[in-house]
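# Coordinates in review
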Amino acid sequence: VPGGPVGDIEKWSKDIVDFLKNEFGFLFYIKFDARDKKTKPVSDKLNSFSWKKPIFKGSTEKRMEINLKYNLQELKSNLSTNWRHNLRRSKKYQLKFIINDNPNIKEIYDLYTNMQKIKNLSDSVYFYSINNLLNMKKFLKNDLKFFECRNDKNQLISIRIVGIKHFKGFDILAATNS
């Protein structure tokens, strides 16, 4: 769920939790800016909603959101020059792009951890454990799409996991080995 400034949390109603559960299901992640210091009343209010702080902090990288109401041609026309260049370049390497409804989570995890090593990314900032990925697939299955890029040997070389809800797509994870 995209986040942002939320106002005075002490005045929140239980209705907000019910609304989020109805809109996004039982398991969701929301990042927000309370604009005030964490106080005992604020902690108590969030705890009363059974909300928990995630084990790993969300990263500060920018997230992408795309309106899926547009057709493919309209979406392509709004791509950046760099994105269009990479799309053209991918065609000459005989890459296959698929939406995998039953992805191999171990394969995704291996690709992800390999990318972390190559790019020297810290586990504390950028980290999805294999259990995080398995739970994502298990609990959010109907709202996730796994976009895979495979080479001519059918090896996974890139993955993008996208959450889709109400004609909006939210970038959740991307990893590549190149």
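Provided above is the structure to which this section pertains.
Residues numbered from 1 in each chain as written. Predicted model: local features only at pLDDT ≥ 70, side-chain atom pairs only at ≥ 80, totals over all residues. Heavy atoms only, no water.

## Brief notes about helix α6 (residues 130-140)
Listed as buried for α6 are L133, M136, K137 and L140. Angular distribution of buried residues about the axis of α6 spans 110°; they occupy a single face of the element. Here the buried face of α6 lies against α5 (105-119), β3 (144-150), β4 (156-165) and β5 (168-176). (Buried < 20%, exposed > 50% of the residue type's maximum accessible area, 1.4 Å probe, protein only. Helix = DSSP H or I, 4+ residues; strand = E, 2+ residues; numbered from the N terminus. Arc of directions from axis to C-beta. Contact = heavy atoms within 4.5 Å.)

## A few points about the nonpolar core
Of all hydrophobic cores here, the largest spans 16 residues; its most connected members are L133, I159, I161 and L173. Elements supplying a minimum of two residues to this core: α5, α6, β3, β4 and β5. For this core, the element with the highest residue contribution is α5, accounting for 5 residues. Residues within four places of I159 in sequence aside, it is in contact with I108, L111, F146, F147, E148, L173, A174 and A175. Counting 8 residues, the second-largest nonpolar core is a separate cluster that includes W12, V42, F49 and W51. (Core = buried A, V, L, I, M, F, W, Y, C linked by side-chain atoms within 4.5 Å.)

## So, the packing of α5 against α6
One can describe the packing of α5 onto α6 by two numbers: an axis separation of 10 Å at closest approach and a directional angle of 135°. Regarding the angle of α5 to α6, the classification is oblique. Remark: the crossing between α5 and α6 carries right-handed chirality. When α5 is examined against α6, the residues I105, K106, I108 and Y109 are found in contact with a partner set consisting of I130, L133, L134 and K137. Across the contact of α5 with α6, the residue classes tally to 6 nonpolar, no polar and 2 charged. (Axes fitted to C-alpha atoms, helices over the stretch in contact; angles between N-to-C directions. Parallel < 35°, antiparallel > 145°, perpendicular 65-115°, else oblique. Left-handed = near helix turned anticlockwise from the far one by under 90°. Nonpolar A, V, L, I, M, F, W, Y, C, P; charged D, E, K, R; others polar.)

## A word on the pattern of salt bridges
In total, this model carries 5 salt bridges according to the counting rule given. Here D143 ties to K165 by a salt bridge, and the two come within 3.6 Å at their closest N and O atoms. Of this pair, D143 sits in the loop between α6 and β3 while K165 sits in strand β4, and the two are 22 residues apart along the sequence. Judged by relative accessible area, D143 falls into the partly exposed class, the value being 23%. A salt bridge links R150 to E148; the nearest nitrogen and oxygen atoms lie 3.0 Å apart. Summarising the burial analysis for this pair, R150 and E148 share the class buried. (Salt bridge = Lys/Arg side-chain N within 4 Å of Asp/Glu carboxyl O.)

## Focus: unusual backbone geometry
For N154, which is not a glycine, the phi torsion comes out positive at approximately 65°. Locating N154 in the fold gives a position in the loop between β3 and β4. Classification of N154 as partly exposed rests on a relative accessible area of 43%.

## Some words on a positive patch on the surface
On the surface, K76, R84, R88 and K91 cluster together into a patch of positive charge. By the element assignment, R88 lies in helix α4 (residues 81-91). You can call R88 exposed: its relative accessible area is 53%. (Patch = residues over 30% accessible without salt bridge, like charges linked within 9 Å, V, L, I, M, F, W, Y side chains within 5 Å. Areas by Shrake-Rupley, 256 points an atom, 1.4 Å probe, with all protein chains shown as cover. Lys, Arg positive; Asp, Glu negative; His and termini not counted. Charge placed at Lys NZ, Arg CZ, Asp CG, Glu CD.)

Function cannot be read off these values alone, since they describe shape.
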